[in-house]
Amino acid sequence: QVQLVESGGGLVQPGWSLRLSCAASGFDFRLNDMDWYRQAPGKERELVASITSRFYTSYADSVKGRFTISRSNMKNTVYLQMNRLEPEDTAVYYCNTKDLGTDYWGQGTQVTVSS
């Protein structure tokens, strides 16, 4: 069974950093593209960053230059390093993968950026 478990969120001040982790199991992690999404209160879930099975990365314009997505195939874990956080980054962050036509999501981890 596909499982994605996010961790690493918290309350930080603007300009601080966080590293989110997503532990994956139940599928061939090395062959899957992995994504980070976020959802702010009252807004739709948006794609933040992606990393392919070949370690190609892409980012939303709003986080480009501040966030870095990475993965460890040995650990079956995808990471999101978030630097210079802004209040607008406040959201629940979700890990996502697609497998055999099905989207899988973690439970989410809360990131709050506030002074």
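Scroll up to find the structure.
Residues numbered from 1 in each chain as written. Predicted model: local features only at pLDDT ≥ 70, side-chain atom pairs only at ≥ 80, totals over all residues. Heavy atoms only, no water.

Visitor: Requested: an account of the environment of F67, with residues and values cited.
Guide: Considering the arrangement of structural elements, one finds F67 in strand β7 (residues 67-72). Residue classification places F67 among the buried residues on the basis of a relative accessible area of 2%. Beyond its immediate chain neighbours, meaning those up to four positions away, F67 contacts R38, V48, Y59, L80, Q81, M82, N83, L85, D89 and Y93. (Helix = DSSP H or I, 4+ residues; strand = E, 2+ residues; numbered from the N terminus. Buried < 20%, exposed > 50% of the residue type's maximum accessible area, 1.4 Å probe, protein only. Contact = heavy atoms within 4.5 Å.)

Visitor: I'd like to hear about the pattern of salt bridges, residue by residue, with values.
Guide: Using the criterion set out here, one finds seven salt bridges in the structure. The salt bridge partner of R38 is E46, with a shortest N-O separation of 2.8 Å. Under the relative-accessibility criterion, E46 is labelled partly exposed at 36%. R66 is the partner of D89 in a salt bridge, and the nearest nitrogen-oxygen pair spans 2.7 Å. With D89 in the loop between β8 (77-82) and β9 (91-99) and R66 in the loop between β6 (57-59) and β7, this pair connects stretches of sequence that are 23 residues apart. Note on accessibility: D89 and R66 belong to one class, buried. When salt bridges with common partners are traced through the structure, they connect R38, E46, R66, E86 and D89 into a single cluster. (Salt bridge = Lys/Arg side-chain N within 4 Å of Asp/Glu carboxyl O.)

Visitor: Lay out the state of the cysteines in plain terms, naming residues and giving numbers.
Guide: With the rule as written, the count across this model stands at one disulfide. The side chain of C22 participates in a disulfide bridge whose partner is C95; the two sulfur atoms lie 2.2 Å from each other. Here C22 and C95 share a disulfide; its torsion about the S-S bond, -85 degrees, makes the bridge left-handed. With a gap of 73 residues between them, C22 in strand β3 (residues 18-25) and C95 in strand β9 connect regions that are remote in the sequence. As far as the burial class goes, C22 and C95 line up, both buried. (Disulfide = S-S within 2.5 Å.)

Visitor: Pulling in residues and values, what's your account of the sheet that holds β3?
Guide: Read from one edge of the open sheet, four strands run β1-β3-β8-β7, paired in antiparallel fashion. A strand with exactly one partner marks an edge of an open sheet, and here the two such strands are β1 (3-7) and β7. When the angles between neighbouring strand axes are averaged without regard to direction, this sheet yields 15 degrees. Of the strand pairs in this sheet, β3 and β8 are connected by six bridges, and their pairing is antiparallel. (Pairing = 2+ DSSP bridges. Axes fitted to C-alpha atoms, helices over the stretch in contact; angles between N-to-C directions.)

Visitor: Give me the side chain of N73: which residues, what numbers.
Guide: Considering the arrangement of structural elements, one finds N73 in the loop between β7 and β8. Here R71 takes part through its side chain, which lies 3.0 Å from a polar atom of the side chain of N73. (Polar contact = N/O pair within 3.5 Å; in protein donor to acceptor, adjacent residues only side chain to side chain.)

Visitor: So what's going on with the environment of M82? Which residues, and what values?
Guide: On the secondary structure map, M82 appears in strand β8. Residue M82 is classed as buried on the basis of its relative accessible area, which comes to 0%. For the pair M82 and G15, spaced 67 residues apart in the sequence, the C-alpha separation amounts to 9.8 Å. In this view, M82 contacts W16, S17, L18, L20, R66, F67, Y93 and V111; residues no more than four positions away in its chain are not counted.

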